[in-house]
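Take a look at the letters that make up each chain.
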2 protein chains.
Amino acid sequence: MATGPKQAKYDIVIIGAGPVGLLLSTCLARWGYKIKHIDMRPEPTVTGRADGIQPRSLDLLRNMGLKRAIMANTPAKVYEVAFWDPKQNGSGIHRTGTWPSCPSFIDARYPFTTLLHQGLIERVFIADLNKNNVTIQRPWRVIGFENDGKDKDYPVQVSLSHVDGHESETVRAKYLFSGEGARSFVREQLGVKITHKDPIANVWGVMDGVVRTNFPDIKMKCTIHSDAGSIMVIPREANMVRLYIQIATSTDSDWDPRKTATTEEVQAAAKKILAPYWIEWDRIEWYSVYPIGQGIADRYTLDERVFMGGDCCHTHSPKAGQGMNTAFLDAQNLAWKIHHVESGFADRSILKSYESERKLIAEKLLNFDSSYAKLFSARQPSAGEVQDATKNADKEEHQENEFVKMFKASCEFTSGYGVAYDPNIFNWSESHPAQHPLFLSAAKNRTKARTGRIMAPATVTRVCDANVVHLEQEVPLNGSYRIYLFVGKPTVTKNAVADFAYGLGKKTSFYSAYTRPDVDTIDYHERHLPHSKFFTICTIFNAHRPDIEIHEMLPEPLARYHDHVYADDVWDQRVPNAKAAAHAKMGLPEDEGGVVVVRPDGYVGCVVKLVHGSGTVDALNEYFGSFCVKKLGSDVAQL
Amino acid sequence: MATGPKQAKYDIVIIGAGPVGLLLSTCLARWGYKIKHIDMRPEPTVTGRADGIQPRSLDLLRNMGLKRAIMANTPAKVYEVAFWDPKQNGSGIHRTGTWPSCPSFIDARYPFTTLLHQGLIERVFIADLNKNNVTIQRPWRVIGFENDGKDKDYPVQVSLSHVDGHESETVRAKYLFSGEGARSFVREQLGVKITHKDPIANVWGVMDGVVRTNFPDIKMKCTIHSDAGSIMVIPREANMVRLYIQIATSTDSDWDPRKTATTEEVQAAAKKILAPYWIEWDRIEWYSVYPIGQGIADRYTLDERVFMGGDCCHTHSPKAGQGMNTAFLDAQNLAWKIHHVESGFADRSILKSYESERKLIAEKLLNFDSSYAKLFSARQPSAGEVQDATKNADKEEHQENEFVKMFKASCEFTSGYGVAYDPNIFNWSESHPAQHPLFLSAAKNRTKARTGRIMAPATVTRVCDANVVHLEQEVPLNGSYRIYLFVGKPTVTKNAVADFAYGLGKKTSFYSAYTRPDVDTIDYHERHLPHSKFFTICTIFNAHRPDIEIHEMLPEPLARYHDHVYADDVWDQRVPNAKAAAHAKMGLPEDEGGVVVVRPDGYVGCVVKLVHGSGTVDALNEYFGSFCVKKLGSDVAQL
């Protein structure tokens, strides 16, 4: 071994304790990895910064068991967005419309945005990390790193230093992750360039404060255009309100990215914009002015050892509140892939999909943000202009302007449910290496469980305790694939279920090949991972709960997951005519069922028909065999 | 003043920090009262004791802002109860039926029982008390007390001592409350007798533990009758299970109230009862044997200065899990009445209603418990007996036996929603002193808001921030009456609303007569009590949220409650044809609305028609005037 004996070794070194670093750290700490986590700041965020948790992110936080702690801070909730525009007679602003922030066409458990300052969110993660004996080393920074390969298992050397420069250490790690934010030492050292999708940069002022006002929508999210400028209002916890004001834009003739404004100037501008309503400040909690352009890193990793995520990889306007949410999903995406490689389940090549999946999302985000921000920044026509422009003012006023149209179209995106990963090794498609006639697809078979998309929420009854539960939340974010066996009618599929169980039990099945080494000593009360660390099986019957006898109707290994057996007997307003709503929401036949494989992050991997014989498991062996380490489905199981 | 200068003075001395004492203490501490709270035990309950929170109690805990902290302990939730009986062939037990623990005919937000050990519940209250600078003085006991009237304002002298006897103190108080439990020094000193409703006493064994078993309903609440005896199974947090076993009953020929059983004996009995299923214990968390009879205190107070509540006033079998829940409601009932007397709002005579309301409930509880427990204790006919009894066994088996019938009938009671207070000064009826033609009653006017009953839950949209909220939870337990102004259609009731607001504004109205002395300096952000500490006004429009402009449609003082204005625009499965579901659930006309007055504890006080002119406020002046201190509705407002 080339390195000195004194260098400590870690599975991962994480730089930066903002949302992306913390979520990654929290996952990996729970799954038993050894982590060095540093942050330049002496303490977590005190005030301000990001504050919007989208519906999809709230699902994720709940899946991590952190939602209750987040909600204990009594955040504001945004259900609707209001649009205000100049009155045509020049006498100030009026409301021209409102729109749900997560309209009912999106099937969301929590159809609202949760507003809470970043520091409170960070503290929830930090408390969880502390339970797993991870503390953030502060204020420390990274001063050098190299994937020198001198240690095969720990190929990355990382040098760290206290920000005062008096203390430093050099460690070795399997991975280095930069969640440093927009100014990233790691990105710079790697020579990764930022591509500016939209050449226009802006200077934004953002102010959190407690206000008094007679503006009626002060507790709603509002975009306000007036003859005196534009502003965005976002309600916050503890009677606070956040105002975003655009101070300068690179299209201005006197553009200066260092242009600034005092709090008094912003307050004065806000007063003019809100007229005829009045507004006064009790206090200002936080104020910041920052220039920002749209940028996206050309690469998220060069070697699948040193990774980047969050603001380090993508910057954009603050308008749609997407920064923190995108960061969360970056981290979640990387966490389980590292886990699957390091625990010997999956081939190292899967790590390439981190960049391909998440960069695509960032590109979509920037495209979205660009049009959204342009519309926001654009001054609305003034009263006189409007009067000139149209004789029939009333009709014109009630037509939706471009901004509102854009907003409606983008709800799916802003809610977080618009994320769709392209077909790849995880997201089955006709071109996937696994080819088996039993794979179902949205295009051909009208299944509603679309690969690369989040699994639809469904309410079911848990058989063992009759609790009414949310199926999509039943398996926690534990790094395992979720195998949802939709049984259909038990009388119809009895043999298919038996064959499925038999297939799982074969030594070379995807399931049995990855049996836990400690399977014989596993706790009787283990609910999720009794046999394998990589699979949790949920079985859903199209039957009434009292008619289901787990141990009579399910063979092993399915019966072992007795806490994950469900009755699909809860009526759902979205599929009012379905007898088995969860089956219907997946687009599966209510009698014959089917198998939905969901990735550890909640996105659908593949959907397979449930049939007599070995076919169903054969198809799954092909699917998992395309990226896992062991050879599956033959009699030679072990590498 | 007759008392020495060294005696500390308290608004109330509370003895006992179980559920009843803690809830009372928590309310009064929040409302600013000075409290001395002692408990004999050196620390809160460590394990065992009461553990069932009924649906109604969970509403209450949520209304106090404590539900999230309770739920953070991940309690078990009971949605269904299973009944097991002997098989006819003598080969053990089989399930004969299940029933929802809170069936859908009960309109409950949380249709389940929450199971959590008493110590965790106590700690949630204690943490809240600490925030208000109340700590429980432990281990201390009461050693003497007297309502000697030597101090007009603090008429009760109370002597307290450390349990080791080396320390003691004597204090003066306005009130003394005993939440001491079944063995009460205070009750004994007062000479209050216990009436035993049912002469039968029982010895119960109760055991909490972690088990392994193939009994399929181990995570459900079960009542199991077998040829080997009877047992009750209750799931608990952290994989625990509680077993209740009846060890002896006073109808036994060898009855001995000191009869006991070892843990091994109880385990052996459980194994026999559960056969053919097996059960093994990983560990036993808690085990207790206690004799208990049904008893009810003849009085809850003699002088409306020294009060008692909880187990001190009523004891019964543990079967229906009613002890803690009844205790909570005792405390809640007393808390706001003391508050209204001590803050000068209501006449001291209202304190008499504590005993009359809560003793009635305890009597109903004991009647219920008696029949319920008898059925539980009764050995079911054995296989042979059943075979003798009937030729047509199958049919017989599927008919509901007495136990199941009783269970169904009592669901409303066990959920906590069956509590109905009789007509009295708070619960309007035809015989109420306030007589005005605008009072509505369930009998005459088919209003569904029945006086003396909890207000029905209703989901509405809050106008100011578009949040979808639970109307019945919008006003926290803050000691105020909740005035729900159901506006109906704003075009229909515009004048009536204006007249209502005008009436409230009159100096002698119930509302204005109790204006806060600090009304001019009240915080701009005060949501609930901006004008009066005794009233929070909620206004509910039969209209879509975006069509409601608070400050254009509501005059003062109604508009000041801008956080309590709602749109009745959320569809409700229970009233599927209603356009305004909340109006419909109250039984009010959807166009004309009405006013529902809800007591501080959530029970309906009176319902009044909403009309043009002064009538609506006149009726309310009569209602409140019947028990409040000031003369209302005339030009001479002050006493």
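See the structure above.
Residues numbered from 1 in each chain as written. Chains lettered and ligands numbered in written order. Predicted model: local features only at pLDDT ≥ 70, side-chain atom pairs only at ≥ 80, totals over all residues. Heavy atoms only, no water.

A.B. asks: When you look at the pairing of strand β27 (residues 594-598) of chain A in this model, what are you seeing that I'm missing?
C.D. replies: Across a regular strand the side chains alternate sides, sitting on one face of the sheet and then on the other. Residue and element names in this part refer to chain A. β27 sits mainly inside the fold: five of its five residues count as buried. Neither face of β27 is left uncovered, since the one carrying G594, V596 and V598 and the one carrying V595 and V597 both have all their residues buried. Bridge analysis of strand β24 (residues 481-488) against β27 gives five bridges, and the strand direction is antiparallel. Residue pairing in the sheet places L485 in a bridge with V595 of β27. Examined bridge by bridge, β27 and strand β28 (residues 604-608) share four bridges and lie antiparallel to one another. Note that in β28 the partner of V597 across the bridge is C606. Where β27 hands over to β28, the hairpin turn is made up of five residues, of which G602 adopts a positive phi near 100°. (Buried < 20%, exposed > 50% of the residue type's maximum accessible area, 1.4 Å probe, protein only. Helix = DSSP H or I, 4+ residues; strand = E, 2+ residues; numbered from the N terminus. Pairing = 2+ DSSP bridges.)

A.B. asks: Looking at this model, I keep getting lost on the relation of the copies chain B and chain A. Mind explaining?
C.D. replies: Two copies of the chain are present, and they differ by a rotation about an axis and a shift along that axis. Mapping chain B onto chain A calls for a rotation angle of 180° and an axial translation of 0.0 Å; the resulting RMSD is 0.0 Å. Expressed as a symmetry operation, the mapping of one chain copy onto the other fits a two-fold axis. Nearest to the rotation axis, the C-alpha of B:R68 is located 3.6 Å from it, this being the minimum over chain B. The share of interface residues of chain B whose copies in chain A are also at the interface is 100%, consistent with both copies meeting through the same surface. (Least-squares fit on C-alpha atoms with pLDDT ≥ 70 in both. Contact = heavy atoms within 4.5 Å.)

A.B. asks: Teacher, can you tell me more about the interface of chain B and chain A here?
C.D. replies: It is common to give the size of an interface as the accessible area that goes away when the parts come together. On the chain A side, the residues contacting the 30 residues of chain B number 30 residues. At the surface where chain B touches chain A, the tally comes to six salt bridges. A salt bridge links A:E549 to B:R95, with the shortest nitrogen-to-oxygen separation between them at 2.4 Å. Here chain B is connected to chain A by 14 residue pairs in polar contact (both at pLDDT 80 or more). Of all the secondary-structure elements, those providing two or more residues to the side of chain B that touches chain A are α3 (67-71), β6 (93-100) and β13 (201-213) of chain B. In terms of residues, the side of chain B that touches chain A owes the most to one element, β13(B), which gives four residues. Considered class by class, the residues forming the side of chain B that touches chain A number 13 nonpolar, six polar and 11 charged. (Salt bridge = Lys/Arg side-chain N within 4 Å of Asp/Glu carboxyl O. Polar contact = N/O pair within 3.5 Å; in protein donor to acceptor, adjacent residues only side chain to side chain. Nonpolar A, V, L, I, M, F, W, Y, C, P; charged D, E, K, R; others polar.)

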